[in-house]
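Chain and residue survey
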Amino acid sequence: MEYFSDVKKINYMGKDSKNLLSFKHYNPEEIILGKKMKDHLKFAMSYWHTLTAGGTDQFGDATLIREWDNLSPMEKSKARVKAGFEFMEKLGIEYFCFHDKDIAPEADTLEEYFKNLNEIVDLIEAEMKRTGIKLLWGTSNMFSNPRFVHGAGTSCNADVFAWAAAQVKNALDITKRLNGEGYVFWGGREGYETLLNTDMKLELDNLARLLKLSVEYAKEIGFEGQFYIEPKPKEPTKHQYDFDVATVMNFLRTYGLEKKFKMNIEANHATLAGHTFQHELRLARINGVFGSVDANRGDLLLGWDTDQFPTDVYDATLAMYEILMAGGFKEGGLNFDAKVRRASLDSIDLFYAYIGGMDTFAKGLKVAAKLIEDKVFENFIEKRYESYKVGIGKEIVEEKVSLKDLSDYALKLKEIKNCSGRQEVLENILNSYIY
Ligand code: XLS
Ligand code: CA
Ligand code: CA
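Here is a short report on the structure shown in this document. (Residues numbered from 1 in each chain as written. Chains lettered and ligands numbered in written order. Predicted model: local features only at pLDDT ≥ 70, side-chain atom pairs only at ≥ 80, totals over all residues. Heavy atoms only, no water.)

Here we take up the overall build of the chain. The number of helices and strands found in the chain is 16 helices and 14 strands. For 435 residues, the compact-globule estimate of 2.2 N^0.38 gives 22 Å, and the C-alpha radius of gyration of the chain, at 24 Å, lies within 12% of that figure. The principal-axis extents of the C-alpha atoms in the chain amount to approximately 80 × 60 × 45 Å. For the chain, with 435 residues in total, the buried portion stands at 50%. Long-range pairs, those at least 24 residues apart, make up 76% of the contacts in the chain between residues at least 6 apart in sequence. (Helix = DSSP H or I, 4+ residues; strand = E, 2+ residues; numbered from the N terminus. Rg over C-alpha atoms; globule rule 2.2 N^0.38 Å. Buried < 20%, exposed > 50% of the residue type's maximum accessible area, 1.4 Å probe, protein only. Contact = heavy atoms within 4.5 Å.)

Take a look at the structure:
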């Protein structure tokens, strides 16, 4: 059965094409900086937003009607697998990401739930074999079910901690079985609403314990994929423990986990934390913890996690600049953690959405590659800091001077001369590369 029969394979047709179901910039085989575009970008489909999201929000029910809606829970899950692979094949997307809960119906007992999961994983495995599509990362949903009301690893209830551990164990088994390149821990409800009822120290210690147990189990089963933490400052809790890259790095270092985890950075989470996407990527890059990306965007006028498809070429260019400067994706990739708007009712809107996101990042990649080739910012930055290459600056960097030495030096200074930061002209140059 064909689920998206009104859409054929989406091809690259160049920027002048008027075909709305074609790529204007994403030309998978085109070589950029010695590598195919598709291997630079490693696009992934998010299972949840693409196949299970119904368009519900705090004020209204589902609006997005899909072919499989009226099937029984297991049949629905099977149809979604088939539809998902058809969708990826048509778009030429080579990776996907999922939570355990996205792929199979939950049940009253864990045993039954795992049985459901296994049955669907068989089907996914067969589709992966048929198409060559790969798993970028797996994860476990430990936030939707009411049992996680107080969190999972940070729950006040030890039985819930154990249940979460069981889910992670099973999700790791599945991810290993499907050759997943990574495994993501996103905070879910790992945070708090009020400190009046919260033992923050115990919750953080326990969160670290769950991560440690997971790393140990991965070793035990020979799972060699990359572990990620995905920072987010708020939603669903008022304060999420994995606030931003800096907070997560501090947490990992506190518990001796910094060598085991990299960051999965989401654009919308960066802006919720009051940072730019580029800021979070830069911080991860300079600390050697850049891993993977959840591409999307928020809406600055709304200020919550809207998970919209990315269409801003400016942001995508700066993101790709950081990603290339970090050495590009290795185990990670670019997952579209984005959903169509509630009023985008038709399945075809999913295609338009992905085409837009893929083209935006393809264009961003091309511009970023050119900026790097021409060393536009590197040359400027190098010059801006040249005072640290000679004289007193060199001695500061080499840590050869004391505070007193510096004071003696400063006392002899007659005049301090600063250079322009040239922000406006740099922005003009950036624009000229984008246009
Ligand atoms: C929610 C997160 C979530 C993670 C995976 O805000 O983005 O979707 O990426 O659990
Ligand atoms: Ca995400
Ligand atoms: Ca989000």
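Before going further, it helps to examine unusual backbone geometry. Of the consecutive residues Glu235 and Pro236, the connecting peptide bond is found in the cis state with omega at 5°. Along the chain, Pro236 falls in the loop between strand S10 (226–230) and strand S11 (239–240). A positive phi angle, near 45°, is found at Leu33, a position not held by glycine. Note on placement: Leu33 falls in the loop between strand S3 (31–32) and strand S4 (35–36).

At the metal site, the calcium ion (ligand 3) is ligated by Glu266 (OE), His269 (NE2), Asp305 (OD), Asp305 (OD) and Asp307 (OD), and these contacts range over 2.1 to 2.7 Å. Donor residues for the calcium ion (ligand 3), ordered by position in the chain, follow E-x2-H-x35-D-x1-D. On the accessibility criterion, Glu266 (2% relative accessible area) is buried. Its relative accessible area of 7% is what places Asp307 among the buried residues. (Donors = N, O, S within 2.8 Å, 3.2 Å for Na, K, Ca; no water.)

Attention now moves to the coordination of the calcium ion (ligand 2). The calcium ion (ligand 2) binds to the protein through Glu230 (OE), Glu230 (OE), Glu266 (OE), Asp294 (OD) and Asp337 (OD); the donor distances cover 2.1 to 3.1 Å. Read N to C, the donor residues that coordinate the calcium ion (ligand 2) are spaced as E-x35-E-x27-D-x42-D.

What follows covers the environment of Phe277. Position of Phe277 relative to the elements: it lies in helix H10 (residues 277–286). Placed 10 residues apart in sequence, Phe277 and Ala267 show a C-alpha to C-alpha distance of 4.9 Å.

Okay, the site of ligand 1 next. Around ligand 1 sit Trp48, His99, Trp186, Glu230, Lys232, Glu266, His269, Asp294, Asp305 and Asp337, and those are all the residues in its vicinity. Between ligand 1 and Trp48, the relevant distance is 3.5 Å, taken from an oxygen atom to a side-chain nitrogen or oxygen of the residue. Between Glu230 and ligand 1, the recorded distance is 2.6 Å, taken from a side-chain N or O atom to an oxygen atom. Expressed as a share of its isolated accessible area of 290 Å², the protein-covered part of ligand 1 is 93%. Taken together, the residues of the shell around ligand 1 break down into two nonpolar, two polar and six charged. (Near = heavy atom within 4 Å. Polar contact = N/O pair within 3.5 Å; in protein donor to acceptor, adjacent residues only side chain to side chain. Areas by Shrake-Rupley, 256 points an atom, 1.4 Å probe, with all protein chains shown as cover. Nonpolar A, V, L, I, M, F, W, Y, C, P; charged D, E, K, R; others polar.)

Time to look at the pairing of strand S7 (residues 134–139). Within S7, five of the six residues are buried, leaving the element largely enclosed by the surrounding structure. Here strand S6 (residues 95–99) runs beside S7; their pairing, made up of five bridges, is parallel. The residue bridging His99 from the neighbouring strand is Thr139, located in S7. (Pairing = 2+ DSSP bridges.)

Scanning the entire structure with this criterion turns up 26 salt bridges. Among the salt bridges present, the one from Glu2 reaches Lys90, with a minimum N-O distance of 2.6 Å. Here Glu2 is found in the segment before strand S1 (11–12), whereas its partner Lys90 is found in helix H3 (residues 73–91), with 88 residues between them in sequence. On the accessibility criterion, Glu2 (40% relative accessible area) is partly exposed. One salt bridge connects Glu127 with Arg130, and the closest N-O pair in it is separated by 2.8 Å. Of this pair, Glu127 and Arg130 both sit in helix H5 (residues 110–131), separated by three residues, roughly a single helical turn. When its relative accessible area of 5% is taken as the criterion, Glu127 is described as buried. Put simply, Glu2, Lys8, Glu86 and Lys90 are held in one network by salt bridges that share partners. (Salt bridge = Lys/Arg side-chain N within 4 Å of Asp/Glu carboxyl O.)

The next thing to look at is the nonpolar core. Formed by 126 residues in total, the largest nonpolar core has its most connected members in Leu41, Leu91, Phe96, Leu334 and Phe361. Residue contributions to this core peak at 15 residues, all from helix H12 (residues 347–373). Non-local contacts of Phe361, meaning those with residues more than four positions away in its chain, are made with Leu41, Phe43, Phe277, Ala295, Pro310, Ala316, Ala319, Met320, Leu334 and Phe336. (Core = buried A, V, L, I, M, F, W, Y, C linked by side-chain atoms within 4.5 Å.)

Further remarks concern the environment of Ser214. Inspection of the secondary structure assignment puts Ser214 in helix H7 (residues 200–221). For Ser214, a relative accessible area of 3% puts it in the buried group. Each C-alpha atom of the pair Ser214 and Leu172 lies 8.2 Å from the other, and the pair is 42 residues apart in sequence. When sequence neighbours within four positions are dropped, the list of residues in contact with Ser214 reads Val168, Leu172, Phe185 and Phe227. Only 2.7 Å separates the side chain of Ser214 from the backbone oxygen of Leu210, close enough to count as a polar contact.

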